[in-house]
Amino acid sequence: PNPAPITMSDVPAIDEDLQSRQMAVYGREAMQNLKRANVLISGLNGLGAEVAKNVILANVNSVTLHDACAAAPADLGSHFYLSAADVGRNRAEACVQLMQELNPSVRVAALSGTFPTQRLAEWNVVVAIDMAEADAVKLDALCRAASPPIAFLRADVRGLCGSVFVDLGPEFVCVDPTGEAVKSAIVERVDVAGTSASGETKLTIQCVDDEPLDLDDGDHISFSEVCGMTGLNGAGALPVSDVSKGKKRFSVTVPAAQQLGGEYTRGGIVTESRQPKRLSFRPLSDFLALPGELAEADESKMAPAAVAFEEEFLTVMGSPAANVCYGRSGLLHLAFRALDAYRAAHGGALPPPADDAAAEELLGLARGINDTAPADAKVKQLDDPSRSGVVRLLSRGACAVLSPMAAIF
């Protein structure tokens, strides 16, 4: 049976005694945001089980497990909440009871059958695992069009490779862009560098040498415990500029309306003031065609032209096209698109394990996609053995979901 609809008013209070360690790591605000989250996880293979376990233990409000597939013997190698007795049962329904036992304070429910598009408004996070490309593109568009947008994630593990896509909507506010510890230091002296025609006062701040501050231009700081120039204590977040090489000397500009209160005499603490950052996420349809910036984990595995710093690579070095066209990340992006095309042509099936014919078919699909790609998204040297071999290896193990890979992704 379908679970009852979930509303935001159902969110219970946080048990601070039970969740004290988690609160020490995440902070109260993050914990409250987690407790408001209603998460739908679609696709309960080994990766889906790992995601569901971690989300439930994070103490969200509710988790709905959805799957249209029955458990198969191959699932037992990576899905730790299925047993041989569950083969033939719907995977979501087979594991929902054990998932619920992980955290009684999280409501866990199961859905079977087709994807519950009509009920999408019940969730504010949707995770799609092992979903066909065409269906994922449509679902991402629906999530972006919702008001407010629904966070959409698509993830897959294919043998020793994996892929994750995140779309938090066209305008997402990140309150802590770095996630690092807040920086602070003791003030040694404050000098007035000048006053602008509009009345703004520029101050030069020197901090003591033994404090690890490491500010950068564009950061914001606030003052406390300043003696003499006491107006700084209530000035709020001030932008930092002219940071010295040693990071201990910098400038701040105080608005004309802010009274400084006199000359600086002694003391003071500067504390970094994190500013919210607005992020615009791209839809899945755009990302597939033109991935943009991709991170390269190991530059020694880039295309031969990049490793040898040949002229063709030097023309794009330092631009997003470098990793897309010559990097291993760009090559795998193309290979995963080819896997989606293979599944579409084979009724949803992945290449059989160690099947040379399927590997050659996958490589041919990759070539076809690459031929129609824009110039700054076209993978270079695809037929070099070091590059085409990666695509073939992906094909030979694509049907496997390995637990260590699921734990990473």
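Refer to the structure printed above.
What counts, and where the lines are drawn
Residues numbered from 1 in each chain as written. Predicted model: local features only at pLDDT ≥ 70, side-chain atom pairs only at ≥ 80, totals over all residues. Heavy atoms only, no water. Helix = DSSP H or I, 4+ residues; strand = E, 2+ residues; numbered from the N terminus. Areas by Shrake-Rupley, 256 points an atom, 1.4 Å probe, with all protein chains shown as cover. Lys, Arg positive; Asp, Glu negative; His and termini not counted. Charge placed at Lys NZ, Arg CZ, Asp CG, Glu CD. Pairing = 2+ DSSP bridges. Axes fitted to C-alpha atoms, helices over the stretch in contact; angles between N-to-C directions. Phe/Tyr/Trp six-rings, centres within 6.5 Å; stacked < 30°, edge-to-face > 60°. Buried < 20%, exposed > 50% of the residue type's maximum accessible area, 1.4 Å probe, protein only. Core = buried A, V, L, I, M, F, W, Y, C linked by side-chain atoms within 4.5 Å. Contact = heavy atoms within 4.5 Å. Polar contact = N/O pair within 3.5 Å; in protein donor to acceptor, adjacent residues only side chain to side chain. Parallel < 35°, antiparallel > 145°, perpendicular 65-115°, else oblique. Left-handed = near helix turned anticlockwise from the far one by under 90°.

1. Digging into the overall build of the chain
Tallying secondary structure elements over the chain gives 13 helices and 14 strands in all. Each of the three principal axes of the chain carries a C-alpha extent, and together these read 80 × 60 × 35 Å. When the accessible area of the chain is evaluated, it comes to approximately 20,200 Å², of which 55% is carbon and sulfur surface. Charged side chains in the chain number 35 positive and 52 negative. The centres of these two groups are separated by 1 Å.

2. Quick notes on the sheet that holds strand 12 (residues 249-254)
An order of 8-9-12-11-10-13 is seen for the six strands of this closed barrel, with the pairing classed as antiparallel. Sheet twist, expressed as the average angle between the axes of neighbouring strands with direction ignored, equals 45 degrees. Of the pairings in the sheet, the one linking strand 8 (residues 184-195) to strand 13 (residues 269-272) comprises three bridges and is antiparallel in character. Bridging from a neighbouring strand, alanine 185 pairs with valine 270 of strand 13.

3. Side note on the packing of aromatic side chains
One pass over the full model with this rule turns up six aromatic pairs. On the numbers, 4.9 Å between centres and 75 degrees between planes, the contact of phenylalanine 80 with tyrosine 81 is edge-to-face. Overall, the relative accessible area of 39% leaves phenylalanine 80 in the partly exposed class. You can call tyrosine 81 buried: its relative accessible area is 16%. A ring pair is formed by phenylalanine 172 and phenylalanine 281, whose centres lie 6.1 Å apart and whose planes are at 80 degrees; its orientation type is edge-to-face.

4. Observations regarding the nonpolar core
Of all hydrophobic cores here, the largest spans 30 residues; its most connected members are Val39, Ile41, Val63, Leu65 and Met99. Taken together, the elements giving at least two residues each to this core come down to strand 1 (38-42), helix 3 (46-57), strand 2 (62-67), helix 4 (91-102), strand 3 (107-112), strand 4 (125-129), strand 5 (151-158) and helix 13 (403-408).

5. A short note on the side chain of threonine 204
In this structure, threonine 204 sits in strand 9 (residues 201-207). Exposure remark for threonine 204: the relative accessible area of 13% places this residue in the buried category. What threonine 204 contacts, discounting residues up to four positions off in sequence, is Arg189, Val190, Asp191, Ala193, Arg249, Phe250 and Ser251.

6. A look at the sheet that holds strand 2
One open sheet holds the six strands; their spatial order is 3-2-1-4-5-6, and the pairing between them is mixed. Each edge of the open sheet carries a strand with a single partner, namely strand 3 and strand 6 (161-167). Mean inter-strand twist for the sheet, computed between neighbouring axes without regard to direction, equals 15 degrees. Note: strand 1 against strand 2, five bridges, orientation parallel. Bridged to leucine 40 within strand 2 is threonine 64.

7. Let's talk about the environment of lysine 378
Its place among the elements puts lysine 378 in the loop between helix 11 (356-371) and helix 12 (385-397). Overall, lysine 378 belongs to the partly exposed group, its relative accessible area being 22%. Considered as a pair, lysine 378 and valine 324 are 54 residues apart in the sequence and their alpha carbons are 7.4 Å apart. Those residues in contact with lysine 378, other than ones at most four positions away along the chain, are Cys325, Asn370, Asp371, Thr372 and Ala373. Here the side chain of lysine 378 touches asparagine 370 through a polar contact of 2.9 Å, landing on its backbone oxygen.

8. Regarding the packing of helix 11 against helix 12
The geometry of a pair of packed helices is captured by two quantities: the angle between their axes and the separation between those axes. Between helix 11 and helix 12, whose axes approach to 8 Å, the crossing angle comes to 130 degrees. Relative to helix 12, the element helix 11 lies oblique. In this structure, helix 11 meets helix 12 at a crossing whose hand is right-handed. For the pair helix 11 and helix 12, contact is made by Asp356, Ala358, Ala359, Glu360, Leu362 and Leu363 and by Ser388, Val391, Arg392, Ser395 and Arg396, respectively.

9. Points about unusual backbone geometry
For the bond from serine 147 to proline 148, the omega torsion is -5 degrees, close enough to zero to count as cis. Mapped onto the fold, proline 148 is located in the loop between helix 5 (133-145) and strand 5. Its identity is not glycine, yet phenylalanine 309 carries a phi of approximately 55 degrees, on the positive side. For phenylalanine 309, the location among the structural elements is in the loop between helix 7 (304-307) and helix 8 (311-314). The backbone of glutamine 381 shows a phi angle near 55 degrees, a positive value even though the residue is not glycine. Looking at the element boundaries, glutamine 381 is found in the loop between helix 11 and helix 12.

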